[in-house]
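Listed here are the chains, written in short residue letters.
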Amino acid sequence: TLLALENIDAIGHPAITITKLAAGNPLGFKITTAVMPEIKLPDYKKIAVDVVKKHPETEPVVTDEEVDAFLVNILKEKARAENAPADAPAPVITDETAKTLGDFPDAQTLRGKAKEGMVIDKKRVAAETKRAALLEALVSETKVLLPDILIDAEANKLFAQLKMDLERMKISVDDYLSKTGKTEEGLKKEMRPDAEKRAKIQLVLNEIAKTEKLLPTEEEVKKEVDHLISHHKDANRHSATLYITTILANEKVLKFLE
C-alpha cells in the first residue's frame, strides 16, 4: 500500500529493514525493492514495416519429390517400430502401403493429404520465422536496463519448461544433470542470455500494448481462462488470468505489427 501511495511500480517482494524501534518514538524502516524499468520504445511501426517487407507472405511450394521423401521416411520409421528385418526392401509408396498408414484408399489420396499437411507446416514455419525476426529487431533497437529479478524469473520459467519436457520423456532432472555433468545453478546461468532476451521482449510487447491500447477485454480473458481451467482443474484462477491476459495481449500486438 505504501509503495502504491508513493507511485512506485515495484516488482517482486520488497525487503524491509527496521532502522528505529524505540518506545514512544515513531517506527523507522527502510524498504528496498526492484522497480519496473523505464523503457523507451524504438520506432516499432517502421521496424515492423521493414521486417514484413523482408518476409512477404507467399504460397508455399511443395514438390512431389518432397512429398515422396516425407512418406518414405514415415514408412522407414514404421518399419523400424515394427522391428522389420534389416535386409527388408526399401519402402515403396503403393496403394497397399498407403492403407497401412491410415484411412487412405490409395497412394494418390495419401500423397494429396501429405502435401496439404506439408503446405500448412511450411506456412507455420514462415510465420514463426517472421515473428522471430520482428522480435529480434525490436529487442536490438530497445535500450533498457533489466533488474536481475526479471531475468531470474525468466530463467526459472525456462528451467521449469525443461523439467516438464524431461518428465514427458520419463527422465528426471537429477538424471539429466548427472549425465550432462551440470548443476541446476549452472544450467540456469547458461539460460540467462535467453532469459534476458525473453524478459526484454515481454517488456517491449507490454509497452506497445499499453501505447496502442491493445489489451484484451474482460470477456476475452474470461473465456480463455474458463477454457484453461476446464482442462486443468487445479489451476489457480488469478495466475491463469495473468497468464492469459499476457498471451492475448502479445498476440494482439504481434498481429498489429504484422
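Notes on the structure in this doc start here. (Residues numbered from 1 in each chain as written. Predicted model: local features only at pLDDT ≥ 70, side-chain atom pairs only at ≥ 80, totals over all residues. Heavy atoms only, no water.)

### A closer look at the overall build of the chain
Test applied: Think of it this way: any DSSP run of H or I at least four residues long counts as a helix, any run of E at least two long counts as a strand, and we number them from the N terminus. Using a 1.4 Å probe, the Shrake-Rupley method yields the accessible areas, and only the shown protein chains count as cover for residues.
Within the chain one finds ten helices and two strands. Secondary structure elements in the chain, listed N-terminal to C-terminal, are α-β-β-α-α-α-α-α-α-α-α-α. Total accessible area computed for the chain in this model is approximately 18,100 Å², and 56% of it derives from carbon and sulfur atoms.

### Quick look at the side chain of Glu154
Test applied: Accessibility here uses a 1.4 Å probe with only protein chains present; expressed as a share of the type maximum, an area under 20% marks a residue as buried, one over 50% as exposed, and anything in between as partly exposed. Working rule for contacts: check all heavy atoms of both residues, and any pair within 4.5 Å makes them a contact.
Of note, Glu154 is situated in helix α6 (residues 148-168). Residue classification places Glu154 among the buried residues on the basis of a relative accessible area of 10%. If we skip the residues at most four places from it in the chain, Glu154 touches Ala195, Arg198 and Ala199.

### Side note on unusual backbone geometry
A positive phi angle, close to 60°, is found at Lys170, a residue other than glycine. In this fold, Lys170 is placed in the loop between α6 and α7 (173-180). Despite not being glycine, Lys213 has its phi angle at roughly 55°, a positive value. Inspection of the secondary structure puts Lys213 in the loop between α8 (184-211) and α9 (218-231).

### Remarks on helix α3 (residues 64-81)
Rules: Multiplying one less than the number of residues by 1.5 Å gives the expected span of a helix. The arc in question is formed by the directions pointing from the helix axis toward the C-beta atoms.
The end-to-end C-alpha distance of α3, which contains 18 residues, comes to 26 Å, matching closely the 26 Å that a straight helix rising 1.5 Å per residue would cover. For α3, every residue scored as buried is listed here: Val67, Leu71 and Leu75. Buried residues of α3 fall within an arc of 70° about the axis and therefore sit on the same side. In α3, the exposed positions angled more than 90 degrees off the buried face are occupied by Glu65 and Arg80. The inward-facing, buried residues of α3 contact α4 (95-100) and α5 (107-140). Looking one or two places after α3, you find Asn83, whose phi comes out positive at around 55°.

### Remarks on the packing of aromatic side chains
Our working definition: Pairing of aromatic rings covers Phe, Tyr and Trp, the last counted by its six-membered ring, and requires centre-to-centre distances within 6.5 Å; plane angles under 30 degrees mean stacked, over 60 mean edge-to-face, and any other angle means tilted. Lysine NZ or arginine CZ positioned within 6 Å of the ring centre and within 35 degrees of the ring normal marks a charge as sitting over the ring.
In this structure the tally under the stated criterion is zero aromatic pairs. The ring of Phe159 has Lys188 sitting right over it, with the charged end atom 5.2 Å from the ring centre.

### Some words on the side chain of Lys200
How we decide: In this tally Asp and Glu are treated as negative and Lys and Arg as positive; neither His nor the chain ends contributes. The salt bridge definition used is simple: a Lys or Arg side-chain nitrogen within 4 Å of an Asp or Glu carboxyl oxygen.
Residue position: Lys200 is located in helix α8. The buried charged residue Lys200 lacks any salt bridge partner; its closest oppositely charged side chain belongs to Glu196, at an N-O distance of 6.6 Å. For Lys200, the contacting residues outside a window of four places in its chain are Val139, Thr142, Val144 and Leu146.

### Topic: the pattern of salt bridges
On inspection of all chains with the given rule, the structure shows 26 salt bridges. Among the ionic pairs, Glu212 bridges to Lys45, the shortest N-O distance being 3.7 Å. On the criterion of sequence distance, the pair formed by Glu212 in the loop between α8 and α9 and Lys45 in helix α2 (residues 44-54) is long-range, its members being 167 residues apart. Overall, the relative accessible area of 46% leaves Lys45 in the partly exposed class. Linking Lys182 and Glu190 is a salt bridge whose minimum nitrogen-to-oxygen distance equals 3.2 Å. Overall, the relative accessible area of 30% leaves Lys182 in the partly exposed class. One network of salt bridges, with partners in common, ties together Arg131, Glu251, Lys255 and Glu258.

### Examining the packing of α6 against α8
Note the cut-off: Axes here mean lines fitted to C-alpha atoms, for a helix over just the part in contact, with angles spanning 0 to 180 degrees between N-to-C directions. Orientation is classified from the angle alone, with under 35 degrees giving roughly parallel, over 145 giving roughly antiparallel, 65 to 115 giving roughly perpendicular, and any other angle giving oblique. Crossing handedness follows the turn of the near helix against the far one: under a right angle anticlockwise gives a left-handed crossing, and clockwise gives a right-handed one. Ten residue types, Ala, Val, Leu, Ile, Met, Phe, Trp, Tyr, Cys and Pro, are classed as nonpolar, four, Asp, Glu, Lys and Arg, as charged, and the remainder, Gly among them, as polar.
Where α6 contacts α8, the axes come no closer than 6 Å and their chain directions differ by 115°. The angle between α6 and α8 falls in the class roughly perpendicular. Two packed elements cross with a definite hand, and for α6 against α8 that hand is right-handed. Every residue of α8 that contacts α6 at Asp148, Leu150, Ile151, Asp152, Glu154, Ala155, Asn156, Lys157, Leu158, Phe159 and Leu162 is listed here: Glu184, Leu187, Lys188, Met191, Arg192, Asp194, Ala195, Glu196, Arg198, Ala199 and Leu203. Classifying every residue of the contact of α6 with α8 by side-chain character gives eleven nonpolar, one polar and ten charged.

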